[in-house]
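Now for the letters of each chain:
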Amino acid sequence: MGDRFGLPDLGVGVGLRTVHFGHVLSKAPEVDFFEALTENFLDTGGRPRHILDRVSERYPVVLHGVSMSIGGTDPLDLGYLKKVKALAVRTNARWVSDHLCFTGVSGRNTHDLLPLPYNEETLRHVVSRVKQASEVLGQPLVLENPSSYLEFRSSTMSEAAFFARLLVDADCGMLLDVNNVYVSSVNHGFDPIAYLDALPADRVVQYHLAGHTDKGTHLLDTHSAPMVKDVWKLYAHAIARTGPRATLYEWDEDIPDFATVHGEAKKALKYRPPLARESRVDAPRRAARA
Amino acid sequence: MQAVIVHPGAVEKAVRARSATRHMKAAEARRAILPSKTMAPLERLAVYQGMYPLRMRDALEADYPGLAAFLGHERFFDFVLAYVAVHPSRSYTFARLGDHVPEFLRRTRRFGPAPFLYDLARLERAVTEVFEVDEEGSERPSRPPRHVAEDWESRRFATPPTLRLLAFRHAAGAALDALKAGKRPETRPHATWAALHRRRYSVYRLDLTREELHLLGALAKGRTLGAALRAAARACGKPLSPRAVTRAFRIFTAEGLLREG
């Protein structure tokens, strides 16, 4: 089953990380797609942008941000959104994603993905902002479920129910992070399978896979290790519902060499078919820089 | 929530701080968060509070590795807490977080020899700026300067858009080199001058004499060679010797800092 936006299955990808820049350019590894952290490339005119330009000439790219603060009470930063759109056009990014969260208030940015209370008021607020952001971006926004470490008493619905309604009411896509589902399910005591089953399958555009750290009293989403078996089981369950979707492995701390990260990502091929040659989405050819 | 997360003290102290209680009383904050099977409400909030300074530290250390090495782990962490309390991030990117570090160090004086730290931080800030400069769209003449004896006074030159010229009261460049090598730097006053520029996406530092800095600075402003030499002479209190001028041009040309204007 395809997603409702007609977006392509990009296969199995990895994050574009500074430590791998040299390897990616010199070795041109066979990777289905790359995910670039949006904020790292918005204001740079030097090597990072050069790298992203070269990568996007050869590979499909998606943009993944952390500062949109879609759930925040400060007005959306239209200047930021326009820059994101410009970067998406420059790189022919297949979609732009961020997180269901807020990052700060009163003009500050904590650079963290802070949780929201899940109730009707928040839903109305976020739907409105998602629609506004999607309009500026010129495409449906894709939102990721963050891992969280607290819940609010003022929530009147589960995160899954909130997300399901948000996806439909705001007509946006979902980046389903199965590790975040697992981490949050342990931290808050909910059934992760029920969470997955509550989501509209045709709204899932992409998956994230990642490792986490057990702190004893809670799990922490650290992106610093191989993914545990229980999370692979969640991925298997989720992808059986949605069908093949772009799947990305996130490794952001103590990053090993490229082959190790890519090897971890390719374990997803146990649960989904490899990208068929005829489905491979080639980046468009562009004139070489003079 | 934000007021508690960014507070440097323990979470119990943070919820009672004025910055938090003006939004919500401490008791209300405890009630607003559900406990989990393993953690009380404030313990859950403390997870976010604990991560905040670590993220700020990592971001500032990435832009100021020399400063981090000079201060050492604990004092650098103290510096980070003090700095972000006054200059919290107000941008979508971490790249702006450290914009005020040099001035903060100059005024604060808590973390070491302030004038030296100011120079070290200025150099590191400039390295980051040069690394990020957007050259796209700027026309860059590709030809090195020709040797032409006639009308030399009226010649102009182009310099790269990534060029930055810096004057220090300390040997900031040597200090940064020492810190990167794991050695203790010289912190006594010693005037130095430097040019930073970018070539093939790598940042280079060229140590200059005072005369070379002023000459290159005047040329970068678009002055003719004659006017630039006069400006440098005024700044240095005496004309540049022919030998100094020849040496300067040899260095500037070898580094690709001068092109036909």
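Since we're looking at a predicted model, the values are computed, not measured.

J.: What should I look at first to understand the interface of chain B and chain A in this one?
T.: Often the size quoted for an interface is simply the accessible area lost on bringing the parts together. Each partner contributes residues to the interface: chain B has 35 residues there, and chain A has 31 residues. Put simply, the parts of the chain that give the side of chain B that touches chain A at least two residues each are helix H1 (2-5), helix H4 (26-32), helix H5 (41-63) and helix H8 (114-132) of chain B. In terms of residues, the side of chain B that touches chain A owes the most to one element, H5 of chain B, which gives seven residues.

J.: Before we go on, may I ask you to explain the nonpolar core in this structure?
T.: Soluble, globular proteins show a tendency: their nonpolar side chains are buried together. Core analysis: the largest hydrophobic core is formed by 155 residues, its most contacted members being Met174 and Val178 of chain A together with Leu120 of chain B. Apart from residues no more than four positions distant in its own chain, Leu120 of chain B is found in contact with Gly66, Leu67, Phe70, Ala172, Ala175 and Leu176 of chain B.

J.: Looking at this structure, how should I read the packing of helix H10 (residues 210-220) of chain B against helix H12 (residues 242-254) of chain B?
T.: Geometry of a packed helix pair, given as the angle between the helix axes and the separation of the axes. Residues and elements named next belong to chain B. For the pair H10 and H12, the least separation of the axes is 10 Å and the interaxial angle reads 65°. As H10 runs across H12, the sense of the crossing is right-handed. Here Glu211, Glu212, Leu215 and Leu216 of H10 come into contact with H12, specifically with Ala244, Ala248, Ile251 and Phe252. Residue composition of the contact of H10 with H12, grouped by class: six nonpolar, no polar and two charged.

J.: What exactly am I supposed to notice about the confidence of the model for chain A here?
T.: Atomic detail in the predicted coordinates should be set aside for any region of low pLDDT. When pLDDT is averaged along chain A, the result is 94; 95% of the residues meet or exceed 70. Predicted confidence is poor over residues 285-290 of chain A, with pLDDT under 50, and the contacts of this stretch with residues over four places away or in other chains come to one contact.

J.: Where do I start with the sheet that holds strand E1 (residues 12-15) of chain A in this structure?
T.: By way of backbone hydrogen bonds, the strands of a sheet pair with one another, either parallel or antiparallel. Residue and element names in this part refer to chain A. The strand order around the closed barrel formed by eight strands is E1-E2-E3-E4-E5-E6-E7-E10, and the pairing between neighbours is parallel. For this sheet, the mean inter-axis angle between neighbouring strands, taken without regard to orientation, is 30°. Here strand E2 (residues 33-37) pairs with strand E3 (residues 61-64) via four bridges, running parallel. Directly across from Leu37, in E3, lies its bridge partner His64.

J.: Would you mind going over the sheet that holds strand E4 (residues 202-208) of chain B with me for this structure?
T.: Residue and element names in this part refer to chain B. The three strands lie next to each other as E2-E3-E4, forming an open sheet whose pairing is antiparallel. Strand pairing shows two members of the sheet lacking a second neighbour, strand E2 (164-170) and E4, which therefore form its edges. The mean angle between the axes of side-by-side strands here comes to 30°, regardless of whether they run parallel or antiparallel. Two elements, E2 and strand E3 (residues 189-199), share six bridges in a ladder whose sense is antiparallel. Paired with His170 across the bridge in E3 is Pro189.

What counts as what
Residue positions are given per chain, counting from 1 as you read along its sequence in written order. By the order in which they are written, chains take letters starting at A while ligands take numbers starting at 1. Reporting in this predicted model follows two pLDDT cut-offs: at least 70 for local features of residues, and 80 or more for side-chain atom pairs to be given and counted; totals over whole chains, interfaces and linings ignore these cut-offs and use all residues. We call two residues in contact whenever the C-beta atoms placed from their backbones are within 7 Å. Only runs of H or I of at least four residues qualify as helices and only runs of E of at least two qualify as strands under DSSP, and these elements are numbered from the N terminus. Definition of nonpolar core: a set of buried Ala, Val, Leu, Ile, Met, Phe, Trp, Tyr and Cys residues joined via C-beta atoms within 7 Å. To sort residues by exposure, count the other C-beta atoms lying within 10 Å of each residue's C-beta; 20 or more gives buried, 12 or fewer gives exposed, and values between give partly exposed, all with C-beta atoms placed from the backbone. Lines fitted to C-alpha atoms define the axes, with helix axes restricted to the stretch in contact, and inter-axis angles between N-to-C directions lie between 0 and 180 degrees. In a left-handed crossing the near helix is turned counterclockwise from the far helix by less than a right angle, and in a right-handed crossing that turn is clockwise. Residues are grouped as follows: nonpolar covers Ala, Val, Leu, Ile, Met, Phe, Trp, Tyr, Cys and Pro; charged covers Asp, Glu, Lys and Arg; every other residue, Gly included, is treated as polar. Scored between 0 and 100, pLDDT is the confidence that the predictor attaches to each residue. Two strands qualify as a pair provided that DSSP identifies no fewer than 2 bridges between them.

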